[in-house]
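Coordinate analysis (summary)
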Amino acid sequence: MDIRNLPAIAVLSDAVTVCEFQGIKIIRVIHETAEAGISLHGGHLIWYKPADEDDVIWLSEKAEFDTSKAIRGGVPVCWPWFGKAGTPSHGFARNSQWSLKEHRENEYGVIVALELEDSEATREIWPHKFHNQLTFEFGPQLKVSLTSTNTDDADWSFSGALHSYFQVGDIKDVVITDMGQSYLDNIQNGKACQGDEKLTFTQETDRVYTQPQDTVTISDSKLSRKILVTNKGHNAAVIWNPWQELSISMADMADNSFETMVCVESTIHGEGVTLAPGESHTLTTHIAVSK
């Protein structure tokens, strides 16, 4: 079944409805400026399409909607750590149930805010109190903001990412610029490397760029567009494409689906950010498309 056309189980406004797929609630946005869907499982953006434009966000055709795991594609929220710094990998936020906090709309677009707070289950994994607000601003452009607040009585530190998967025409024709030249190569066990000013793809790529410009550009000749990814509150940009061998090994990716996706992630890497009680930090990615 096409998840974009599921029957509504609740109507929240002219532009915002709730539907359900395999037990997972989805906040669906249909507005004259854009369409989008957010899974409350993971606080996970699963599609975004500006009016009169191709899809910007990639979702695996074999994505598994299962509350025991993260959804492949979209914009998973990696928090309170990135990668394999703890268990589960990329943290628990992308496997947690988020709550709808508010939604607003006007002629320019729609804003949807979700929240996640510590619980007995999260404190068994990570023994700290917190409040996260995840805000989506939908219109001709997309802005995703994750604000983390320390509601505990002691300092804690975190890392993470807005793990954005982008739809491209053909990865072999994609060029990425403005990511900087210094990176850690996860294919080589995190080896520090120096690269070119332009990144093209001929094999599996998994890099943490440590000196990116605020805006990283994805040039996609097949779809005749550029995707401008502007990040704030980050200290790195992760760029990933699994290529064919790794895609084949993953049950939730089709064998050749690597050809139409690339990840460019707003990332807090390494030791991360330390918050004192009452302090907050916002990690943002802003996505714009130009022809």
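Residues numbered from 1 in each chain as written. Predicted model: local features only at pLDDT ≥ 70, side-chain atom pairs only at ≥ 80, totals over all residues. Heavy atoms only, no water.

1. Considering the nonpolar core
Ranked by internal contacts, the top residues of the largest apolar core, which has 61 residues, are L45, W79, F138, F166, I176 and I218. No other element matches the 5 residues that strand β21 (residues 261-275) contributes to this core. In this structure, L6, I24, A63 and F65 belong to the second largest nonpolar core, which totals 11 residues. (Core = buried A, V, L, I, M, F, W, Y, C linked by side-chain atoms within 4.5 Å. Buried < 20%, exposed > 50% of the residue type's maximum accessible area, 1.4 Å probe, protein only. Helix = DSSP H or I, 4+ residues; strand = E, 2+ residues; numbered from the N terminus.)

2. What about the side chain of E265?
Along the chain, the position of E265 falls in strand β21. Buried within the structure, E265 lacks any salt-bridge partner; its nearest side chain of opposite charge belongs to R72, at an N-O separation of 8.8 Å. Polar contacts involving the side chain of E265 include one to the side chain of H163, which spans 3.4 Å. Setting aside chain neighbours within four positions, we find E265 in contact with F82, A161, L162, H163, S164, N231, A236, A237, V238 and W240. (Lys, Arg positive; Asp, Glu negative; His and termini not counted. Salt bridge = Lys/Arg side-chain N within 4 Å of Asp/Glu carboxyl O. Polar contact = N/O pair within 3.5 Å; in protein donor to acceptor, adjacent residues only side chain to side chain. Contact = heavy atoms within 4.5 Å.)

3. What to know about the pairing of strand β5 (residues 44-50)
Taking burial as the measure, the 7 residues of β5 include 6 buried ones, the bulk of the element. Bridge count for strand β4 (residues 34-39) against β5 is 6 bridges, and the pairing is antiparallel. From the neighbouring strand, A36 faces β5, where its bridge partner is Y48. Hairpin connection between β4 and β5: a loop of 4 residues separates the two successive antiparallel strands, and G42 in this loop has a positive phi of roughly 90 degrees. (Pairing = 2+ DSSP bridges.)

4. Details of the environment of Y108
Structurally, Y108 is set in the loop between β7 (99-106) and β8 (109-117). The exposed category is assigned to Y108, whose relative accessible area is 59%. Between the C-alpha atoms of Y108 and F138, which are 30 residues apart in sequence, the distance is 8.6 Å. Excluding its chain neighbours within four sequence positions, the residues that come into contact with Y108 are H31, T33, F138, G139 and P140.

5. Structural notes on unusual backbone geometry
Omega for the bond connecting W79 with P80 falls within 30 degrees of zero, at 5 degrees, which places this linkage in the cis form. One can find P80 in the loop between β6 (77-78) and β7. Residues T87 and P88 are joined by a peptide bond in cis, for which omega reads 5 degrees. Take P88: it is sitting in the loop between β6 and β7. We note that H90 has phi near 65 degrees; this positive angle belongs to a residue other than glycine. Looking at the element boundaries, H90 is found in the loop between β6 and β7. We classify H90 as buried; its relative accessible area is 12%.

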